[in-house]
Amino acid sequence: MTKYYAEPFKIKMVEPIKILTKEERIEKIEEANYNVFALNSDDVYIDLLTDSGTGAMSANQWAGIMVGDEAYSGSRSYKNLMISAADVFGYKYYQPVHQGRAAEKVVMPIFLQEGKVAISNMHFDTTRAHVELAGARAIDCVIPEALDTVNFHPFKGNMDNARMKELIEENGSENVGMIIITVTNNSAGGQPVSMANIKETSEIAKSYGIPVCIDAARYAENSYFIKMREDGYADKSIKEIAQEMFSYADVFTMSAKKDAIINMGGLIGVKDDPELFETVKARTIPYEGFISYGGLSGRDIEAMAIGLQEGTSFDFLQYRIGQMEYLAGKLDEIGIAYQSPVGGHAVFLDAKKLLSHIPYHEFPAQALAIELYIEAGIRSCDIGSYMMGNDPDTGEQIESQFEFTRLAVPRRVYTQSHLDVIVEALKEIRDRKDQIKGYEIKWEPKVLRHFTAKLKPL
Ligand SMILES: *Cc1c(COP(=O)(O)O)cnc(C)c1O
């Protein structure tokens, strides 16, 4: 039995959720053309589409919203953010922006242009987009262990440093504009990156004179994993670990919609280079607005300043990552496979194993997402062949390496009982899995089809 760490908070305000009948859900998903993105959130009971911007703010953060300073310049909330960020990351300069991809839009073109490459343990999709928009090429370089869903490795998000070195040599170090370390490694399943690995990546980059950027969306969850799994960190605080981690990079881009537990916001950090910071500020003003608000209201900045602190609380992280571990433990009991060990913000169900009778071109992970909705009103999403789409050259369906159905858990939103509902639903689905059929596409747009495509059951 996996332990559930009880919520380190009590509930002051509740948001009612509707529970439809199974018959109603069957109708709703048909009306949505079997695309979970087309469902109304009002028709969803447990929404696990994403953990981004969906967390519950604390009483303190809501109080911060009320005292936020909306001054155009020199705002008190901006000063509070500077103090809070320095306390967490240990850098000299910070620039708020409206979300993570805005930070990428400001920072990437400074380092990356036509002919350059960026090497990362794995680019998040918007990060890859901004590398490519800058004219550069994005190369992923995660350790091979990440691709094996059943083998235990404590840090499946690690950079393959030997391969990275080869890539630097192959491309010529002068053409590698940036090394990007994503913590946790979102695309590999929220998998952590070890301190030793970050340090080694940084040393290699430094020896070639290549700048290092941390894609910092889940800085606190990664620090927690280092504390729990890596030798020498058990007695260090989350903030001490975070500061050491960031000391190995020159700059960071961050979505504050994850570990800073706000609904909208982002941040750029520059370790100590005043010239680089001038460039960041100069690029922020036309895209995001004046430096002291960066695309956000003063109240959002105040909530971010508070959220950065709350996100690094050990008790919070133990409960938060404990939820994933609890869910994973229950799945072990009923024999349902997932990317193991479970990551920090989501459980990635292995639909290829559960629905092994459905081939990749009939989208097993999408079929499982639809069944979860029909069974219990749970909204998840496909991270597999359905999301991959067609080969742009041949027009043929790509076969994804994985067929994952992702259950991303919002912060401080759902309780143990909600997690039990998910497990019960999966048990029901497992028992009738042979009757579950695949899907075909009725209509699809040319790019990013998973958001708007229309499907039909086979
Ligand atoms: C969410 C995320 C981003 C993009 O941030 P947005 O706030 O959604 O724009 C970038 N990198 C990683 C690793 C993320 O998880």
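Just so you know, these numbers come straight off a predicted model, no measurement behind them.

## Comments concerning the sheet that holds strand 9 (residues 346–350)
Then, in step 1: An order of 9-12-11 is seen for the three strands of this open sheet, with the pairing classed as antiparallel. Where the open sheet ends on each side, the last strands, each with one partner, are strand 9 and strand 11 (381–383). When the angles between neighbouring strand axes are averaged without regard to direction, this sheet yields 35°.
Then, in step 2: Of the pairings in the sheet, the one linking strand 9 to strand 12 (residues 404–408) comprises five bridges and is antiparallel in character. Across the sheet, Val-347 pairs through a bridge with Leu-407, a residue of strand 12.

## Some words on the domain arrangement of the protein
Often, the extent of an interface is quoted as the loss of accessible area upon association of its parts.
Then, in step 1: Domain boundaries assigned for the protein yield domain 1 (22–51 + 313–457) and domain 2 (59–310).
Then, in step 2: Measuring from the centre of the C-alpha atoms in domain 1 to the corresponding centre in domain 2 gives 28 Å.
Then, in step 3: Taken together, the contacts link 26 residues of domain 1 with 31 residues of domain 2.
Then, in step 4: Both faces considered, domain 1 and domain 2 share a buried interface measuring about 2,300 Å² in area, 54% of it formed by carbon and sulfur atoms.
Then, in step 5: The three residues of domain 1 that bury the most area against domain 2 are Gln-339, Pro-341 and Arg-411, which together make up 23% of that side's buried surface.
Then, in step 6: Applying the counting rule to domain 1 against domain 2 returns five salt bridges.
Then, in step 7: Taking the shortest distance from any N to any O, the salt bridge between Arg-411 and Asp-259 comes out at 3.1 Å.
Then, in step 8: The interface formed by domain 1 and domain 2 holds 18 residue pairs in polar contact (both at pLDDT 80 or more) in total.

## A few points about a negative patch on the surface
Then, in step 1: On the surface, a cluster of negative charge is contributed by Glu-23, Glu-24, Glu-27, Glu-30 and Glu-31.
Then, in step 2: Along the chain, Glu-23 turns up in helix 1 (residues 22–31).
Then, in step 3: The exposure class of Glu-23 is exposed, given its relative accessible area of 58%.

## What to know about the state of the cysteines
Then, in step 1: By the definition in use, this model includes zero disulfides.
Then, in step 2: The structure places no disulfide on Cys-141, whose sulfur is separated from the nearest cysteine sulfur, that of Cys-213, by 16 Å.

## Focus on the nonpolar core
Then, in step 1: One finds Phe-89, Ile-179, Tyr-219, Phe-246, Phe-252, Met-254 and Leu-308 to be the most contacted residues of the largest nonpolar core, which totals 120 residues.
Then, in step 2: The greatest single-element share of this core, amounting to ten residues, is contributed by helix 12 (residues 314–334).
Then, in step 3: Residues lining this core come from more than one domain, with at least three contributed by each of domain 1 (22–51 + 313–457) and domain 2 (59–310).
Then, in step 4: Tyr-93, Val-131, Val-270 and Val-280 belong to the second largest nonpolar core, which has 23 residues in total.

## Observations regarding the pattern of salt bridges
Then, in step 1: Applying the stated criterion across every chain, the model contains 24 salt bridges.
Then, in step 2: Put simply, Glu-70 and Arg-299 hold a salt bridge, and the shortest N to O gap is 3.3 Å. You can see Glu-70 sitting in the loop between helix 2 (59–67) and helix 3 (76–89) and its partner Arg-299 sitting in helix 11 (residues 298–310), a full 229 residues away along the chain.
Then, in step 3: With a closest N to O distance of 3.3 Å, Glu-440 and Lys-456 form a salt bridge. One end of the pair, Glu-440, is in strand 13 (residues 439–443); the other, Lys-456, is in strand 14 (residues 454–457), with 16 residues separating them in the sequence.

## Points about the sheet that holds strand 7 (residues 251–255)
Then, in step 1: As summarised here, the arrangement of the seven strands in space is 2-8-7-6-5-3-4, forming an open sheet in which the pairing is mixed. Both edges of this open sheet fall to strand 2 (93–97) and strand 4 (137–140), since each of them pairs with a single strand only. For this sheet, the mean angle separating the axes of adjacent strands, direction not counted, is 20°.
Then, in step 2: Across three bridges, strand 6 (residues 212–215) lies against strand 7 in parallel orientation. Paired with Cys-213 across the bridge in strand 7 is Val-251.
Then, in step 3: Packed onto the sheet, helix 10 (residues 274–288) meets strand 2, strand 7 and strand 8 (266–270) and runs at close to 15° relative to strand 2.

Calculation rules
Residues numbered from 1 in each chain as written. Predicted model: local features only at pLDDT ≥ 70, side-chain atom pairs only at ≥ 80, totals over all residues. Heavy atoms only, no water. Pairing = 2+ DSSP bridges. Helix = DSSP H or I, 4+ residues; strand = E, 2+ residues; numbered from the N terminus. Axes fitted to C-alpha atoms, helices over the stretch in contact; angles between N-to-C directions. Domains from an automatic or database assignment. Contact = heavy atoms within 4.5 Å. Buried area = accessible area lost by both parts, 1.4 Å probe. Salt bridge = Lys/Arg side-chain N within 4 Å of Asp/Glu carboxyl O. Polar contact = N/O pair within 3.5 Å; in protein donor to acceptor, adjacent residues only side chain to side chain. Patch = residues over 30% accessible without salt bridge, like charges linked within 9 Å, V, L, I, M, F, W, Y side chains within 5 Å. Areas by Shrake-Rupley, 256 points an atom, 1.4 Å probe, with all protein chains shown as cover. Lys, Arg positive; Asp, Glu negative; His and termini not counted. Charge placed at Lys NZ, Arg CZ, Asp CG, Glu CD. Buried < 20%, exposed > 50% of the residue type's maximum accessible area, 1.4 Å probe, protein only. Disulfide = S-S within 2.5 Å. Core = buried A, V, L, I, M, F, W, Y, C linked by side-chain atoms within 4.5 Å.

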